[in-house]
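For reference, the chains in residue letters:
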Amino acid sequence: MNFLWILLFGSVTRLTEVPVNLIAGPNEIALKKPISTVTSGASLEIDVSAMVPKADLTIELSRKWVERNFKTGCVQAQLQTRGTVTTRLEFNGQSSFAPEKVYLILSSRDAAPVGAELNSLVLTTCTPLNNVVIYWRNYHL
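So, how was this worked out
- Residues numbered from 1 in each chain as written.
- Predicted model: local features only at pLDDT ≥ 70, side-chain atom pairs only at ≥ 80, totals over all residues.
- Heavy atoms only, no water.
- Buried < 20%, exposed > 50% of the residue type's maximum accessible area, 1.4 Å probe, protein only.
- Helix = DSSP H or I, 4+ residues; strand = E, 2+ residues; numbered from the N terminus.
- Arc of directions from axis to C-beta.
- Contact = heavy atoms within 4.5 Å.
- Phe/Tyr/Trp six-rings, centres within 6.5 Å; stacked < 30°, edge-to-face > 60°.
- Salt bridge = Lys/Arg side-chain N within 4 Å of Asp/Glu carboxyl O.
- Polar contact = N/O pair within 3.5 Å; in protein donor to acceptor, adjacent residues only side chain to side chain.

**Some remarks on helix 2 (residues 59-69)**
Phase 1: Buried within helix 2 are the following residues: Ser-62, Trp-65 and Val-66. Seen from one end, helix 2 has its buried residues packed into an arc of 100°, which puts them on one side. Residues Glu-60 and Arg-68 are exposed on helix 2 and point more than 90 degrees away from its buried face.
Phase 2: The elements touched by buried residues of helix 2 are strand 7 (86-98) and strand 8 (101-107).

This is the structure:
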């Protein structure tokens with residue numbers, strides 16, 4: 001049943017229409033419409049490819065670049081419903097790679113609340129992030 005739910009309703013949503021620059025500290029990300037969770041493994045992905053030196057855009061070198069530049073907890077997100085439910089996600093060293101693409105993955109230590117309609121997003125980072133694109137992954141296989 002869970003697989004069918006993911007297949008029918010799971011998706012990846014781009015939250016920033018254009019690449020954005022984030023300062024060190026808290027950054028409010030405007031959401032055009034609420035985002036929701038399909039499974040408890042929902043996550044944020046931040047495309048940091050534009051920050052990686054072109055010579056390092058191989059999986060092995062990109063992995064090392066991420067390890068040098070982003071410590072556990074360096075990037076955190078707080079998502080909130082219109083009520084009082086808050087979901088916290090953070091970078092715990094997880095990353096994803098595709099040809100010439102590098103993504104930081106922010107996930108919850110606890111299960112994200114399934115079915116929550118999240119209306120606000122604040123990203124806090126220990127280092128500036130330049131020309132990044134932010135995605136909401138509505139499922140996790």
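**Overview of the packing of aromatic side chains**
Phase 1: In this structure the tally under the stated criterion is three aromatic pairs.
Phase 2: For the pair Trp-65 and Phe-70, a centre-to-centre distance of 5.7 Å together with 65° between the ring planes defines the contact as edge-to-face.
Phase 3: Here Phe-70 falls in the buried class, since its relative accessible area comes to 4%.
Phase 4: Aromatic side chains Phe-70 and Phe-91 sit 6.3 Å apart centroid to centroid with 70° between the ring planes, which places their arrangement in the edge-to-face category. Within this pair, whereas Phe-70 is found in the loop between helix 2 and strand 6 (75-80), its partner Phe-91 is found in strand 7, the two being separated by 21 residues in sequence.

**Here we look at the pattern of salt bridges**
Phase 1: Using the criterion set out here, one finds five salt bridges in the structure.
Phase 2: As a salt-bridge pair, Lys-101 and Asp-47 come within 3.2 Å of each other at their nearest N and O atoms. Separated by 54 residues along the polypeptide, Lys-101 in strand 8 and Asp-47 in strand 5 (residues 43-47) bring together distant segments of the chain.
Phase 3: Taking the relative accessible area as the measure of exposure, Lys-101 reaches 33% and is therefore partly exposed.
Phase 4: Between Lys-64 and Glu-60 there is a salt bridge; the shortest N-O distance is 3.6 Å. Taken together, the residues span about one helical turn, with Lys-64 and Glu-60 both in helix 2 at a distance of four residues.

**Some points on the side chain of Ser-49**
Phase 1: The topology assignment puts Ser-49 in the loop between strand 5 and helix 2.
Phase 2: Given a relative accessible area of 6%, Ser-49 falls into the buried group.
Phase 3: For Ser-49, the side chain forms a polar contact with the side chain of Asp-47, separated by 2.5 Å.

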